[in-house]
Amino acid sequence: MYWNKLPILKAMLESIDMSLVDWSRGQFALTAMFHWIFVPLTLGLSFIVAFMHTIYVRTGDEEWMRITKFWMKLFGINFAIGVATGIILEFEFGTNWSNYSWFVGDIFGAPLAIEGILAFFLESTFVAIMFFGWNKVSKRFHLTASWLTAFGASLSAVWILVANAWMQHPVGTAFNPDTARNEMTNFWDVIFSEVAVNKFLHTISSSFLLASVFVIGVSAWFLLRKREVLFAKRSTVIASVFGVIAAVSTIVTGDSSARIVAREQPMKFAAMEALYEGQTHAPLVAIGAMRTDTTNLSYPRENFIFKIEIPNALSYMVFLTPSGFIPGITDLVFGNEEQNYMSYEERIERGAVAIQTLKELKKAKERGDEIAYDALREKFYDPIWIDQYYQHFGYGYYKGRELKELIPNVKMNFYSFHVMVVLGTHFLIFTMLVLWLSLKNRWGKHKWLLWVALITIPMPWIASQAGWVLAELGRQPWVVYELMPTLTAVSRLKPVAVQITFWIFLVTFTALFIAEIKIMLSQIKKGPGGE
Amino acid sequence: MIRVRLSLFICLKFKNPMLKRIFRFYYDGFRKMTWGRKLWGIILLKLFIMFAILRLFFFPDLLKRDFNSDEERASHVLEQITNP
């Protein structure tokens, strides 16, 4: 109904150059994924180092000091190469995503400012004491610095993850139509939203797991070379204990994360399982291979070349009962009255009403029509109107566009999720096996297991990146879930400008990555005795 | 020589013994650094590329650059999100 009144909106939407959106997304993904190479190792290794440092202080055993110093050195290399790579993301917010930055400003600004002031400075101060403090400050103060570095790193992560969680599930805020910004109404709702808490726990656990696998793998290299055997075995015991706890925690938080996604982002959940038709007693696809074209909603059953399913497992995972109904992609797109899912067509209509109301409010303000302005403004604070129209705001941008644009990339989501799950299972079995063999003093006796440990080193990075791919691609087309789509969030720049910086980043990041690998390998080769 | 002079100068400048100790702690730490020197080189180069090149020439804050007040910025974004 409102669409007829919005010909300009339609024309402009159709004229948006998708290459700008794609390049901007590609650039952001490149930066974020590069940043995430360093972050999880920093988060996890800092705690492992602090734990080793504690054993040294408690026992006074010089071998533990050597062990602590070696892993601290690798932590330092990773920290130095990775530090400040995240700042580039903030540059991109201001340039490439200016509409988004303004729209979310207050919500995103507060957590990031807290991160900058509190965690970064805390972390930086204690990192210096951790590295320079040997024989300079008391043992206990030095140890405290190691622990505070570890906690400081995790504290930094809290704020970033809170901001990301809000984008996935915007709560504790209200949209101000005068300023076009979301304003925080409840700080605690934002921080302690179920999505934020779970995201933090899952991310931290998986980072601890990544660092454990790294320590076990590097130690395995020493054992294969029959060098520093005591050092390698002791490091392995600590890392495997840490690893088993982290693996269990990652799986438990991953499971609860899936339940939250099923409730709050059903499209992402359907995409990650490639579930096209909703059903009760929904099976979980354990392994499967998808066809090339997964956007054909008419023939959803033909989208798999093959699959192995676990009967009822998906329904059970979400509802703890096999009779729970899991909506498929078609239920969400075309609606399912029986299960109370509104169709996207309807949501698009409602969203268009909300956009039109905002547009009319702006016009009323410009022409000084206070009566019309007040009446329109009131709607944005009316809970019933918000529920009926504003909560579908983002869908309004898809008026006249193809419905499939509202479906995330099913294949990418499906494979990301399954890669993460398969590798997660491998890590649990692997760390348990390493711990068991270490406790029996048999770790290192089977050469092939040491090779497995070595080969496993990059796998947690793959799993961790896959997790972020799922989190971010599964949310598409939204930047702020159901409120702001990617195509609205992007700044109207020339695509070539974004392309140039994309390639600059690619070259710079590749150089930094090579530097990290080279410096780290040279220090590993030198071993705990080398300087 | 310059390093020793700098150290002496700053030690004399800091009347507060606590500040002097903190300065010496960091000064000695950086002076005795071995493998860390290369890392500091990378950090400084990286910060230079990021702030002196990328930030300055490629990543202006568009809304800050193009508008003088929050009211103008709000109006611009409203225009953008209602006429994307």
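For the structure itself, consult the block above.
Numbers given to residues run from 1 along each chain, matching the order in which its sequence is written. Going through the entries in the order they are written, you letter the chains from A and number the ligands from 1. Local features in this predicted model are restricted to residues of pLDDT 70 or higher, and side-chain atom pairs are both shown and tallied only at a pLDDT of 80 or more, whereas totals for entire chains, interfaces and linings draw on every residue. Hydrogens are left out, water is left out, and the side-chain values use all remaining heavy atoms of the structure.

**Q** What am I meant to see in the overall build of chain A here?
**A** Runs of E in the DSSP output that reach at least two residues are strands. Runs of H or I that reach at least four are helices, and both are numbered from the N terminus. In terms of regular secondary structure, chain A is built from 20 helices and 6 strands. As a reference, a globule follows 2.2 Å times the number of residues to the power 0.38, and the radius of gyration itself is taken over C-alpha atoms. Taking 24 Å as the expected radius of gyration for a compact globule of 531 residues, we find that chain A reaches 25 Å, a close match to that expectation. For chain A, the spread of C-alpha atoms along the principal axes amounts to about 80 × 50 × 40 Å. Only protein chains enter the accessibility calculation, which uses a 1.4 Å probe; a residue whose area is less than 20% of its type maximum is buried, one above 50% is exposed, and one in between is partly exposed. Per-residue burial for chain A yields a buried fraction of 58% across its 531 residues. Contacts in chain A between residues far apart in sequence, at least 24 positions, make up 78% of those at least 6 positions apart. Accessible areas in this description were obtained via Shrake-Rupley with a 1.4 Å probe; residue shielding takes into account the shown protein chains only. Element-wise, carbon and sulfur atoms account for 64% of the exposed surface of chain A, whose accessible area totals about 22300 Å². We count Lys and Arg on the positive side and Asp and Glu on the negative side, and we leave His and both chain ends out. Every charge is mapped onto a representative atom, which is NZ of Lys, CZ of Arg, CG of Asp or CD of Glu. Of the side-chain charges in chain A, 46 are positive and 43 negative, and the distance between the mean point of each set is 13 Å. We call two residues in contact whenever any of their non-hydrogen atoms come within 4.5 Å of each other.

**Q** Even after reading the chapter, I still don't get helix 16 (residues 410-439) of chain A, so can you show me in this structure?
**A** Given 3.6 residues per turn, any residue in an α-helix points the same way as the ones three and four places further on. All names here are of chain A. With 30 residues, helix 16 should cover 44 Å at 1.5 Å per step; its first-to-last C-alpha distance of 43 Å lies within 8% of that length. Identification of polar contacts relies on pairs of N or O atoms within 3.5 Å, with a donor-acceptor requirement for protein atoms, meaning one able to donate a hydrogen and the other able to accept it, and with residues adjacent in sequence counted only if both atoms are side-chain atoms. For helix 16, the N-terminal capping position is held by Asn409, with its side-chain oxygen 3.2 Å away from the main-chain nitrogen of Lys411. Once helix 16 finishes, Asn441 follows within two positions and takes phi at roughly 55°, a positive value. An expected span of 1.5 Å times one less than the residue number is assigned to each helix.

**Q** Looking at this structure, I do not really get the packing of helix 4 (residues 87-95) of chain A against helix 3 (residues 36-58) of chain B. What am I missing?
**A** The axes of two packed helices give the description: the angle between them and the distance between them. The interhelical angle for the contact between helix 4 of chain A and helix 3 of chain B, taken along N-to-C directions, is 15°, at an axis separation of 11 Å. The orientation of helix 4 of chain A relative to helix 3 of chain B falls into the category roughly parallel. The crossing of helix 4 of chain A and helix 3 of chain B is right-handed. The residues of helix 3 of chain B that touch helix 4 of chain A, namely those facing Ile87(A), Ile88(A), Phe91(A) and Thr95(A), are Met50(B), Phe51(B), Arg55(B) and Phe58(B). Residues are grouped as follows: Ala, Val, Leu, Ile, Met, Phe, Trp, Tyr, Cys and Pro are nonpolar; Asp, Glu, Lys and Arg are charged; all remaining types, including Gly, are polar. Of the residues that constitute the contact of helix 4 of chain A with helix 3 of chain B, the class distribution is 6 nonpolar, 1 polar and 1 charged. Lines fitted to the C-alpha atoms define the axes, with helices restricted to the stretch that makes contact. Angles between their N-to-C directions range from 0 to 180 degrees. The cut-offs work like this: below 35 degrees is roughly parallel, past 145 is roughly antiparallel, 65 to 115 is roughly perpendicular, and the gaps in between are oblique. Definitions for this section: a left-handed crossing has its near helix turned counterclockwise from the far helix by less than a right angle. A right-handed crossing has that turn clockwise.

**Q** Teacher, can you tell me more about the environment of Ala258(A) here?
**A** Residues and elements named next belong to chain A. Of note, Ala258 is situated in helix 9 (residues 229-264). Residue class for Ala258 comes out buried when judged on its relative accessible area of 7%. In sequence terms Ala258 and Met317 are 59 residues apart; their C-alpha atoms lie 8.1 Å from each other. Residue contacts for Ala258: discarding those within four places in its chain leaves Phe269, Met272 and Met317.

**Q** Can you walk me through the interface of chain A and chain B in this structure?
**A** Between chain A and chain B, the contact holds 57 residues from the first and 37 residues from the second. In this assembly, chain A packs against chain B so that about 4100 Å² is buried in total across both faces, 76% of it on carbon and sulfur atoms. Once two parts are brought into contact, the accessible area they lose, counted with a 1.4 Å probe and summed over both, makes up the buried area. Contact with chain B buries area across many residues of chain A, yet Phe91(A), Trp102(A) and Phe132(A) alone supply 18% of it, more than any other trio. The salt bridge criterion pairs a side-chain nitrogen of Lys or Arg with a carboxyl oxygen of Asp or Glu, the two atoms within 4 Å. Inspection of the chain A/chain B interface yields 1 salt bridge.

**Q** Sorry if this is basic, but what is going on with the nonpolar core here?
**A** Proteins that are soluble and globular tend to have nonpolar side chains buried together. Take the buried Ala, Val, Leu, Ile, Met, Phe, Trp, Tyr and Cys residues and link them wherever side-chain atoms come within 4.5 Å; each set so joined is a nonpolar core. In this structure, Leu45(A), Trp71(A), Leu74(A), Ile81(A), Phe214(A) and Trp443(A) are the most contacted members of the largest nonpolar core, which totals 91 residues. Counting residues in hydrophobic clusters, the runner-up holds 73 residues, among them Trp159(A), Tyr390(A), Val490(A) and Leu78(B).

**Q** What is the right way to look at the environment of Thr42(A) in this model?
**A** Along the chain, Thr42(A) turns up in helix 2 (residues 18-59). Between the C-alpha atom of Thr42(A) and that of Phe208(A), which follows or precedes it by 166 residues, the distance is 9.2 Å.

**Q** How should I be thinking about the side chain of Thr203(A) in this particular structure?
**A** Along the polypeptide, Thr203(A) turns up in helix 8 (residues 194-224). Excluding anything up to four places from it in sequence, Thr203(A) contacts Trp36(A) and Leu161(A).

Such coordinate-based values are descriptive only and should not be taken to indicate function.
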